[in-house]
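Architecture at a glance
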Amino acid sequence: ALLPKDIQLALTSPLTRAARTCLLALPPGENGAKEYRVSAVMSEHLEASCDIGRPPHELAKVFPELTFGNLDDVWWYVPEEHREGIT
């Protein structure tokens, strides 16, 4: 493998497809990262309907390897006219 040893941190978007790709590229275990952290800063902004996210507590059930730390419940882009009642 061409990956360096001792990868300290892997960062990923909270979008499901990005989280899956991160874990496929750097599978947890002997050659994976020591920590996997999720950041909304790394996601796209409403390019398609699939860019609507899920709250961290739902994502954590699917991706227990990832740390969701400071991720807001609604971390994805929501236009101002639709924010009321969501955030």
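Residues numbered from 1 in each chain as written. Predicted model: local features only at pLDDT ≥ 70, side-chain atom pairs only at ≥ 80, totals over all residues. Heavy atoms only, no water.

Points about the nonpolar core
Membership of the largest hydrophobic core comes to 18 residues, with the highest contact counts inside it found for A10, Y36, F63, L66, F68 and W75. At the level of secondary structure, the elements contributing two or more residues to this core comprise α1 (16–25) and β2 (35–38). Element by element, the count of residues in this core is highest for α1, at three residues. (Core = buried A, V, L, I, M, F, W, Y, C linked by side-chain atoms within 4.5 Å. Buried < 20%, exposed > 50% of the residue type's maximum accessible area, 1.4 Å probe, protein only. Helix = DSSP H or I, 4+ residues; strand = E, 2+ residues; numbered from the N terminus.)

Section: the pattern of salt bridges
Under the defined criterion, the tally for this structure stands at two salt bridges. Note that D6 and K34 form a salt bridge whose closest N and O atoms lie 4.0 Å from each other. With D6 in the segment before β1 (9–12) and K34 in the loop between α1 and β2, this pair connects stretches of sequence that are 28 residues apart. For K34, a relative accessible area of 56% puts it in the exposed group. A salt bridge links E35 to R37; its shortest N-O distance comes to 3.1 Å. For E35, a relative accessible area of 28% puts it in the partly exposed group. (Salt bridge = Lys/Arg side-chain N within 4 Å of Asp/Glu carboxyl O.)

So, a nonpolar patch on the surface
Together, L9, L11, V41 and M42 make up an exposed nonpolar region whose accessible area comes to about 390 Å². If you trace the backbone, L9 turns up in strand β1. (Patch = residues over 30% accessible without salt bridge, like charges linked within 9 Å, V, L, I, M, F, W, Y side chains within 5 Å. Areas by Shrake-Rupley, 256 points an atom, 1.4 Å probe, with all protein chains shown as cover.)

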